[in-house]
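Structure at a glance
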Amino acid sequence: MSNILIKFEINQRVRKLNGSEWEGVVCGFYSTPTISDGINVMSDMPGSYGSVQLCSARELEEAQPRAFHWDEKLVERLMNEQDAAKARIAELEAALLQCSDWLQADAEAYADIGE
């Protein structure tokens, strides 16, 4: 298995050369009687993050670091939710100030009664 350690290292990003598109990081090595250059690859892609595939080193190539992908619909939804939350906070702050004013007025009224 020493040739595997030279070709790929733990935490190195790799991708499958053929078949289904699959990328991830090398998380281990293995060998069997039929596969002498086995590599464990953990997906770092959305939708399959954390799943592991076993591949022969011959099936893999080095991959570039994964760029962060923004889901535009999710970003828009989160921004709308943030705006709604800010508006609700402003409403609650205004209501709290109103309650504070009422309490102050009540306190002054009771103070006048006690005099």
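Located above this text is the structure these notes cover.
The text that follows walks through the structure, step by step, so that each part is easy to find. (Residues numbered from 1 in each chain as written. Predicted model: local features only at pLDDT ≥ 70, side-chain atom pairs only at ≥ 80, totals over all residues. Heavy atoms only, no water.)

**Looking at the overall build of the protein**
Applicable threshold: The helix and strand labels rest on DSSP assignments: H or I over at least four residues marks a helix, E over at least two residues marks a strand, and numbering proceeds from the N terminus. For the exposure calls, accessible area comes from a 1.4 Å probe over protein chains only, and a residue counts as buried if that area is under 20% of its type's maximum, exposed if over 50%, partly exposed in between. We call two residues contacting when some pair of their heavy atoms lies within 4.5 Å. In this description, accessible areas are obtained by the Shrake-Rupley approach with a 1.4 Å probe, and a residue is regarded as covered only by the protein chains that are shown.
Each helix and strand in the protein was counted, giving two helices and five strands. Reading the protein from its N terminus to its C terminus gives the helix and strand order α-β-β-β-β-β-α. For the protein, buried positions account for 22% of its 115 residues. Contacts in the protein between residues far apart in sequence, at least 24 positions, make up 38% of those at least 6 positions apart. When the accessible surface of the protein is split by element, carbon and sulfur atoms take 57% of a total near 8800 Å².

**Side note on the side chain of Ser43**
To keep things clear, this is the line we draw: Here a polar contact is recorded for every N or O atom pair within 3.5 Å, except that within protein the pair must consist of a potential hydrogen donor and a potential acceptor, and residues adjacent in sequence are included only if both atoms are side-chain atoms.
As for its position among the elements, Ser43 is in strand β3 (residues 38-43). With a relative accessible area of 1%, Ser43 lands in the buried category. There is a polar contact of 2.7 Å between the side chain of Ser43 and the side chain of Ser48. In contact with Ser43, other than residues within four places in its own chain, are Trp22, Glu23, Gly24, Ser48, Tyr49, Gly50 and Ser51.

**Observations concerning unusual backbone geometry**
Phi is positive for Asn11, which is not a glycine, with a value near 75°. Counting through the fold element by element, Asn11 comes out in the loop between α1 (2-7) and β1 (13-16).

**Some thoughts on the sheet that holds β1**
Formally: At least two bridges found by DSSP between two strands is the condition for calling them paired. To obtain an axis, a line is fitted to C-alpha atoms, over the contacting stretch when the element is a helix, and the angle between two such axes runs from 0 to 180 degrees between their N-to-C directions.
Strand order in this open sheet of five strands is β4-β3-β2-β1-β5, and the pairing throughout is antiparallel. The sheet is open, and its two borders are formed by β4 (52-56) and β5 (60-62), each paired with just one other strand. Neighbour to neighbour, the strand axes of the sheet diverge by 50° on average, direction disregarded. Of the pairings in the sheet, the one linking strand β2 (residues 23-30) to β3 comprises six bridges and is antiparallel in character. The partner of Phe29 across the bridge, within β3, is Ile39.

**Looking at the pairing of β2**
Across the eight residues of β2, six count as buried, placing the element largely inside the fold. The sheet contact formed by β1 and β2 spans three bridges and is antiparallel. Bridging from a neighbouring strand, Arg13 pairs with Val25 of β2.

**Structural notes on the environment of Tyr30**
Summarising the element assignment, Tyr30 is placed in strand β2. Since its relative accessible area comes to 17%, Tyr30 is described here as buried. Remark: the alpha-carbon pair of Tyr30 and Ser56, spanning 26 residues in sequence, is separated by 9.2 Å.

**A closer look at the side chain of Arg13**
By the secondary structure assignment, Arg13 is in strand β1. Looking at Arg13, the relative accessible area reads 10%, which means it is buried. Looking at Arg13, its side chain comes within polar contact range of the main-chain oxygen of Gln64, at 2.5 Å. Contact partners of Arg13, with chain neighbours within four places excluded, come to Glu23, Gly24, Val25, Asp44, Met45, Glu61, Glu62, Ala63, Gln64, Pro65 and Arg66.

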